[in-house]
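# Architecture at a glance
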Amino acid sequence: MRYLPLTDIDRAHMLREIGAPSVDALFEDAPQELLNPDLGLPLVASEIEVERALAALARKNRAGGDGPFFIGCGAYRHHVPASVDHIIQRSEFLTTYTPYQPEIAQGTLQYLFEFQTQVALLTGMDVANASMYDGSTACGEAALMAQRVTKRRRLVVAGGLHPHYKAVLGTLCADGPDAANIVTGAGGPGALGELGALIDEETACVIVQSPDVFGMIHDVSALAEAAHAQGALLIFVFTEAMSLGLLTSPGSMGADIVVGEGQSIGNALNFGGPYVGLFATRTKYVRQSPGRLAGETVDADGKRGYVLTLSTREQHIRRDKATSNICTNSGLCALAFTIHLTLLGEAGLTELAEANHARACQLVDRLTAVQGVSLETPRFFNEFTLRLPRPADDVAAALTARGVLGGVPGGRLWPNDPAARDLLIVAATELNTDEDIAAYGAALEEALQA
């Protein structure tokens, strides 16, 4: 009982209070096959045996740099300078946690202030927070914020929003007494559909992604005007932060909240995390922002200092006044982002973004030269969607067998949509070489002829 202080009576009392029949009922929304799966591992093993077993499992992995790699769809393989890892592994950075006593965490607060400045400049917004967990949770928090600002529940979502982001949006906003009404526009490559026609006086926000999940670039200026005409906010989402170095900033197109994934800058793929969510907004909405902000001030002697401010989370203020249950920020990943972007500078980021687009254009030219392959997204940054003459799942498997990781099949993201079956979402970055592109083209020709 020392480590398990709750009795069966305690558990039964808590379950009655929340209205759940059992502990298992708390996990009913999780896929059953993921609950306590049989991992095929022995219950007891020596340290040496465990090391050997884990090493054997690790040998089954293929690293992104082991061959031609063209997978994106929300997480991108970019070069991370060695200096980024060197700096973030300094003990004063690597061992620090969230600054609960900010007055003695000046170094942490300074780089968070610089991070916020970079994000605000990139997005064309007035203010940014100290980061979120990742892009998908930032999107969900933006929707909740829009509901608080407008006091409305209806969310209009573009069909091009990444399905994983939409799933998180549903998890955060679709349950409870104030559940949101989520309305989705037409899907398909490049389609915003009649999204403007879905906006009404009950709409809290319009959520649109650009480049969208298919890689299509959108000008959302007209959509922002349509949203504002109905008193709604426009939430702009991105998954590829590198695109902000080349494309028109969302702030200049009228976005009210900008959220996205910052992994592309300073952070490697790392099997899916940890990543860093970016969140920026207009000054007039800053008090409804989730998470917290680092601010610059002066001390009693007039010397510059940094403070943690507007920390409207439940650990800092009364729970009913909290804007979010976010308990920390992705501090180390945000630092990696800041270091990499500082090393690049504005000109370097633009040059790198141009290199990404050039590689994607080169890849499109090669792949669309293959018989039966067509481009579905005429306006793209470094990611695009191809329509294949055969199911993309089969083609992707054939490419993998030939040593090329060729992209994400549409059927993986939209398993119940027959129209997505022949779609393949492909990404190219500065790390793809001429040899990679040639290998992809040859492998695709072979796969389609087989």
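Attention here is on the structure that accompanies the text.

About the thresholds
- Residues numbered from 1 in each chain as written.
- Predicted model: local features only at pLDDT ≥ 70, side-chain atom pairs only at ≥ 80, totals over all residues.
- Heavy atoms only, no water.
- Helix = DSSP H or I, 4+ residues; strand = E, 2+ residues; numbered from the N terminus.
- Rg over C-alpha atoms; globule rule 2.2 N^0.38 Å.
- Buried < 20%, exposed > 50% of the residue type's maximum accessible area, 1.4 Å probe, protein only.
- Areas by Shrake-Rupley, 256 points an atom, 1.4 Å probe, with all protein chains shown as cover.
- Lys, Arg positive; Asp, Glu negative; His and termini not counted.
- Charge placed at Lys NZ, Arg CZ, Asp CG, Glu CD.
- Pairing = 2+ DSSP bridges.
- Contact = heavy atoms within 4.5 Å.
- Axes fitted to C-alpha atoms, helices over the stretch in contact; angles between N-to-C directions.
- 1 Å grid on protein atoms, 1.4 Å probe; cavity = no way out; pocket = protein on both sides within 12 Å on 5 of 7 lines; lining within 4 Å.
- Points joined across faces, edges and corners; volume = space filled by probe spheres on them.
- Nonpolar A, V, L, I, M, F, W, Y, C, P; charged D, E, K, R; others polar.
- Phe/Tyr/Trp six-rings, centres within 6.5 Å; stacked < 30°, edge-to-face > 60°.
- Salt bridge = Lys/Arg side-chain N within 4 Å of Asp/Glu carboxyl O.
- Core = buried A, V, L, I, M, F, W, Y, C linked by side-chain atoms within 4.5 Å.

Time to look at the overall build of the chain. Tallying secondary structure elements over the chain gives 12 helices and 13 strands in all. The C-alpha radius of gyration computed for the chain amounts to 23 Å, which stays within 12% of the reference 22 Å derived for 450 residues, consistent with globular compactness. For the chain, the C-alpha atoms occupy an extent of roughly 70 × 60 × 45 Å along the three principal directions. Residue burial in the chain is summarised as follows: out of 450 residues, 48% are buried. As displayed, the chain has an accessible area near 22,200 Å², and 54% of this comes from carbon and sulfur atoms. Of the side chains in the chain, 33 bear a positive and 52 a negative charge, and the two mean positions are spaced by 4 Å.

Moving on, we come to the sheet that holds strand β5 (residues 233–238). On the basis of which strands lie adjacent, the open sheet formed by seven strands has the order β1-β7-β6-β5-β4-β2-β3 and mixed pairing. Two strands lie at the open edges of the sheet, namely β1 (127–128) and β3 (181–184), each paired on one side alone.

On to the sheet that holds strand β11 (residues 383–387), then. A sheet is described by the order of its strands in space; here four strands give the open sequence β10-β11-β13-β12, paired in antiparallel fashion. Each having just a single partner strand, β10 (374–375) and β12 (408–409) make up the two edges of the open sheet. Strand direction decides the pairing type here: β12 and strand β13 (residues 423–427), joined by two bridges, are antiparallel. Within the sheet, the bridge partner assigned to Pro409 lies in β13 and is Leu424. The strands touched by helix α9 (residues 331–367) within the sheet are β10, β11 and β13, with β11 carrying the most contacts at an inclination of about 10°.

Empty space among the atoms becomes apparent when a probe as large as a water molecule is rolled across them. Enumeration over the complete set of coordinates arrives at two cavities of 30 Å³ or more. The computed volume of the largest cavity comes to approximately 60 Å³. Taken together, Tyr76, Gln209, Pro211, Asp212, Gly215, Thr239, Glu240, Phe381, Asn382 and Glu383 make up the full set of residues lining the largest cavity. Grouping the amino acids of the lining of the largest cavity by side-chain chemistry returns three nonpolar, four polar and three charged. For the second largest cavity, the calculated volume is near 50 Å³. Considering the residues around the second largest cavity, the lining is formed by Phe69, Phe70, Ile71, Arg77, Ala427, Ala428, Thr429, Leu431 and Asn432. Among the residues making up the lining of the second largest cavity, the classes are represented as six nonpolar, two polar and one charged.

This next bit is on the packing of aromatic side chains. Pairs of aromatic rings are described using the distance from one ring centre to the other and the angle between the two planes. Under the criterion given, the structure shown has six aromatic pairs. Relative to Tyr440, the ring of Phe70 has its centre 4.8 Å away and its plane inclined at 45°; by these criteria the two rings are tilted. Placement of Phe70 in the loop between α2 (47–58) and α3 (82–88) and of Tyr440 in helix α12 (residues 434–449) is noted, with a sequence separation of 370 residues between them. Taken as a pair, Phe70 and Tyr440 share a single burial class, namely buried. Ring centres of Phe93 and Tyr111 lie 5.9 Å apart, and the angle between their planes is 80°; on these two criteria the pair is classed as edge-to-face.

Take the side chain of Asp436 next. Checked against the element boundaries, Asp436 lands in helix α12. Comment: no salt bridge for buried Asp436; closest opposite-charge side chain is Arg77, at 5.8 Å. The contacts of Asp436, once residues within four sequence positions are left out, are Pro68, Phe70 and Leu431.

Here the focus is the nonpolar core. Val206, Leu234 and Phe337 are the most contacted members of the largest nonpolar core, which totals 38 residues. Of all the secondary-structure elements, those providing two or more residues to this core are α5 (106–123), β4 (203–209), α8 (221–229), β5, β7 (277–281) and α9. Looking at which element gives the most residues to this core, the answer is α9, with seven residues. Setting aside residues no more than four positions away along its own chain, Val206 makes contact with Val156, Leu195, Ile199, Leu223, Ala227, Leu233, Leu234 and Ile235. Phe384, Ala392, Val404 and Tyr440 belong to the second-largest nonpolar core, a separate cluster that totals 26 residues.

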